[in-house]
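These are the residues of each chain, in order.
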Amino acid sequence: MATIESQDMTLEKLFDEFYVIPDYQREYVWEEKEVNEFIQDIYEEFSEQIQNTYSEYFIGSIIVCSLGEKFYEVIDGQQRMTTAYLVLCAIRDYLLTINPNERIEALKNKIAALYTDNWGNDQFRHRVELQYEESRGILENIALQVDLELFCPTRSVKNIQNAYVQIRDFLCDKFEVDELAISKLKKFYAYFLKNVKLIRVKTASVSHALKIYSTLNHRGLPLDDMDLLKNLIFAKAKQTNYDKIKVKWKKMIDLLYNSQEKPMRFLRYFILAKYAEDGNYIAEKEVYNWFLKNESLCGYKTEPIRFVNNLLASAQAYVEFLAGNNLDGTVNRYLVNIRNLSVNVRQHLILLLAVNKLPQDCFIDLCREVENLLFLAMLTSERNQKAFDGMILKWASELRQITSQEDFNQFIANQIIPSKQRVADKFEKSFYKLNKSSFQPYQIKYILAKLTQYIDENAWGSAAGIDDLRNYILKLELEQILPETPTKEVIIEFDKPTEIGNYSKRLGNLTLLESSIKSAIANASFADKKLGYTKSRFLLTRTIAEEIYVGENTSIDLAVKDLKTFEKWDSQAIETRQEILTQLAKKVWDVPE
């Protein structure tokens, strides 16, 4: 018997036999676009008939492994096979809607039939069965014509339900009910069975089928790299480990899906964090090839369970870090801050995933340093340069080895501090030029929130929510001291009226303020606004309008000692406050002199 058998067959021949989609396969993921292309392309080919002569239509290949006579496990091609099966169910149901007495026994036989097992027992089976848990029996119940509203809407259930409904709607649209509807639909059904063809590749074992699947896709067929890796692992694993791998893999994919994260981006960061060396940059399109070439490094062949455990643990960490949490789910203020700085930034996750057995205090310090570095890079335009990516990889390879406070301190001294020193001058110059248009509005709020929080935390400590930057970003509003749309009186009072637009946008003219106070003072003059600022709970804003003195060397007095109160608000006042905020920023983001 040949180990590989390739057969060109029609759907009529295909659905004379029985197929199961194993539980380690990915779920049904086709959505409206893919389903529409499948059914529409076949219908268009059918519609181009000439005198009842139909051309053949090829839909690709499937890979199966024999489980018994006329009984197969599908390794690749389940999306096409499941959709084709749904077309048969939809044709049956539409025919019976038009005429409940229509004789369609042959069609019903393509959906389900008796099967004689290896012990000679007859069993009623559906031609296609989904064994993965997410399907919740949805395909079987469509075949049985059960009410679809009864099902728990998992992602797979939704996709299959939607595909079936979409196909039904397509048939209703193309074969409107009239006296010829049944004959036209039956012609299409005959074309679908007898002229739509595929190539079925049959192997003697699951592992052999998985190897063929990986080989075909390695040679350029457009399939998902995440699934390629999963099947590569199954191809190397013992069949007794399939269930364990399947459960862990599904948990990992669900974690990423529920966090709306791209699995391939995570997989790339996993490689860069755990294995890549300095200068060994890996693009997303190179991920699968990297695994093929580096099996000995990550061990998915010799220890597939351990490898998948590492993947799952890293995915759990990745999701927690993105959510602003430590590994144990507790809030990490610096990771939360990074989310408020930029919702799209991800490079720092490479460093955090690289950490292996770093003490918790060191990990918190690392997160603080990472937040500071990201802001420095954004402000000084360093983040998009190749050098920044190279620096991340170099640090990741070092962080993998660090397990003690002493080694961590050495890493900070040798790597982090020098990198900040290199951009210190540029940081100061760039910060002094900051204005409302330099960043997105939410990022300007982040900057002002960090400055405001720093003063408050030095004055009162971290209690009462002061350590949570979201209490500043979400509960306060951006206030322009010199209004964005000033009254004629305000313009006349300003010392450089022709430049008032530029000065009103400068960071020195911005502060955070409670919404109730902001609405009360609106476009008022500075003399009127000062009274409102004195009522603010936040020292950075209050000190604009009044000096704060509690006592000699109290924490509050020390916190505000470098701030300045202003009697009038002109160009000089804005420039002075911009300089004050620049010097404060160097402390906030820990920029060395």
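Residue indices follow the written sequence of each chain, beginning from 1 at its first position. The predicted origin of the model limits local features to residues at a pLDDT of at least 70 and limits the giving and counting of side-chain atom pairs to 80 or more, whereas totals for whole chains, interfaces and linings rest on all residues. Only hydrogens and water are set aside when side-chain values are computed; all heavy atoms of the structure are taken into account.

(A) Spatial organisation of the pairing of strand β8 (residues 196–203). Where burial is concerned, most of β8 is hidden: seven out of the eight residues are buried. Relative to β8, strand β1 (residues 4–10) is paired through seven bridges, and the arrangement is antiparallel. When the sheet's bridge partners are listed, Ser-6 is paired in β8 with Val-201. The rule for pairing is simple: two strands pair if DSSP sees at least two bridges between them. To qualify as a helix, a DSSP run of H or I must reach at least 4 residues; to qualify as a strand, a run of E must reach at least 2; elements of each kind are numbered from the N terminus. Pairing analysis gives seven bridges linking strand β3 (residues 57–68) to β8, with the strands arranged parallel. Bridging from a neighbouring strand, Phe-58 pairs with Lys-197 of β8. Using a 1.4 Å probe on the protein chains alone, a residue whose accessible area is under 20% of its type maximum counts as buried, one over 50% counts as exposed, and one in between counts as partly exposed.

(B) Region of interest: the pattern of salt bridges. A pair is scored as a salt bridge if a Lys or Arg side-chain nitrogen falls within 4 Å of a carboxyl oxygen belonging to Asp or Glu. Evaluated as defined, the whole model comprises 33 salt bridges. Between Glu-261 and Arg-265 there is a salt bridge; the shortest N-O distance is 3.2 Å. The salt bridge involving Glu-479 is made with Lys-529; its shortest N-O contact spans 3.0 Å. Note that Glu-479 is positioned in strand β9 (residues 476–480) and Lys-529 in helix α26 (residues 526–533), a separation of 50 residues in sequence. Members of the salt-bridge network, linked through shared partners, are Arg-368, Glu-369, Lys-420 and Asp-590.

(C) Region of interest: the nonpolar core. Nonpolar cores were defined as sets of buried Ala, Val, Leu, Ile, Met, Phe, Trp, Tyr and Cys residues, with membership established by side-chain atoms within 4.5 Å. With 135 residues, the main nonpolar core has Met-252, Phe-291, Phe-307, Phe-431, Ile-447, Leu-451 and Trp-589 as its most contacted residues. Here the element with the most residues in this core is helix α17 (residues 360–379); it accounts for twelve residues. By size, the runner-up hydrophobic cluster in this structure holds 59 residues, among which are Ile-39, Tyr-57, Cys-89 and Leu-96.

(D) Structural detail: the sheet that holds strand β2 (residues 18–21). If you trace the six strands from one edge of the open sheet to the other, you get β1-β8-β3-β4-β2-β7, paired in mixed fashion. Because the sheet does not close on itself, it has two edges, and the strands there are β1 and β7 (128–130). Each neighbouring strand pair of the sheet contributes to a mean axis angle of 35°, computed without reference to strand direction. When β3 meets strand β4 (residues 71–76), the two strands line up antiparallel, connected through five bridges. If you follow Gly-68 over to β4, its bridge partner there is Phe-71. Throughout, a contact is declared for two residues whenever any of their heavy atoms are within 4.5 Å. Between the N-to-C directions of two axes lies an angle of 0 to 180 degrees, each axis being a line fitted to C-alpha atoms and, for a helix, fitted only over the stretch in contact. Across the face of the sheet, helix α2 (residues 32–47) comes into contact with β3 and β8 while running at roughly 120° to β3.

It is worth stressing that arrangement in space is one thing and function is another; only the former is reported here.
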